[in-house]
Amino acid sequence: MEKMNGTENGGFSSTEMEYIRRHHNQEPAENQCASALVKHIRAPVPLVWSLVRRFDQPEKYKPFVSRCVVRGNLEIGSLREVDVKSGLPATTSTERLEVLDDNEHILSIRIIGGDHRLRNYSSIMSLHPEIIDGRPGTLVVESYVVDVPEGNTKDETCYFIEALIKCNLKSLSDVSEGHAVQDLTEPLDRMQELLISG
């Protein structure tokens, strides 16, 4: 389901490549690595976006986040302090909201501090409508660029970041699809109640 750069075109479809070209123009420097991953989610864009756009509540779908505090209003330049669950080589991360576009469904963040080795990390997420098995679905593209820490290779750095992103995207998919199923069954339940009570 998820794909990465590496082979020519990274194994992306022409549609995926078009979205990557249009919204994910990450230009890595010599000492950086960058890539893009995609996930197809069986839930409509508005539902998935309602989770992704909550810069102040990443824990709604990010399994490694235990707590998040945002100071002030939710706007470009807002900072969030994220507490990370144990098991990762970090406990805190300070992140800035770079882009929040409700029309194009694009979210971009930059990590500016914390007790981890992710220096100059920035990511872009874009959501695109698609039809999956005759129902509204969402194509999510997430790209990143980050410094390669001293003592690590580009491959090691990419592997670690992509493992985290894949985990987040799978969780986003699970939560979104759970909500989508609930949204579909609730009206049916109400219809049955009306039929039984009528």
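Remember, it's a predicted structure, so these values are computed and weren't measured experimentally. (Residues numbered from 1 in each chain as written. Predicted model: local features only at pLDDT ≥ 70, side-chain atom pairs only at ≥ 80, totals over all residues. Heavy atoms only, no water.)

Q: Help me out: how do you make sense of unusual backbone geometry in this one?
A: A negative phi holds for most residues other than glycine; trans holds for most peptide bonds. Phi at His105 is positive, roughly 60°, even though this residue is not glycine. Topologically, His105 is positioned in the loop between strand E4 (92-101) and strand E5 (106-114). With phi around 50°, Asp133 is a residue other than glycine that occupies positive phi space. Along the polypeptide, Asp133 turns up in the loop between strand E6 (122-132) and strand E7 (135-147). (Helix = DSSP H or I, 4+ residues; strand = E, 2+ residues; numbered from the N terminus.)

Q: Whenever I open this one, the pattern of salt bridges confuses me. Can you help?
A: Oppositely charged side chains may form a pair once their charged atoms are brought near each other. Tallying each qualifying case throughout the model produces 10 salt bridges. The salt bridge involving Arg96 is made with Glu98; its shortest N-O contact spans 2.6 Å. Taking the relative accessible area as the measure of exposure, Glu98 reaches 26% and is therefore partly exposed. A salt bridge links Arg110 to Glu98; the nearest nitrogen and oxygen atoms lie 3.7 Å apart. With Arg110 in strand E5 and Glu98 in strand E4, this pair connects stretches of sequence that are 12 residues apart. On the accessibility criterion, Arg110 (28% relative accessible area) is partly exposed. Salt bridges sharing common partners tie together Glu18, Arg21 and Arg22. (Salt bridge = Lys/Arg side-chain N within 4 Å of Asp/Glu carboxyl O. Buried < 20%, exposed > 50% of the residue type's maximum accessible area, 1.4 Å probe, protein only.)

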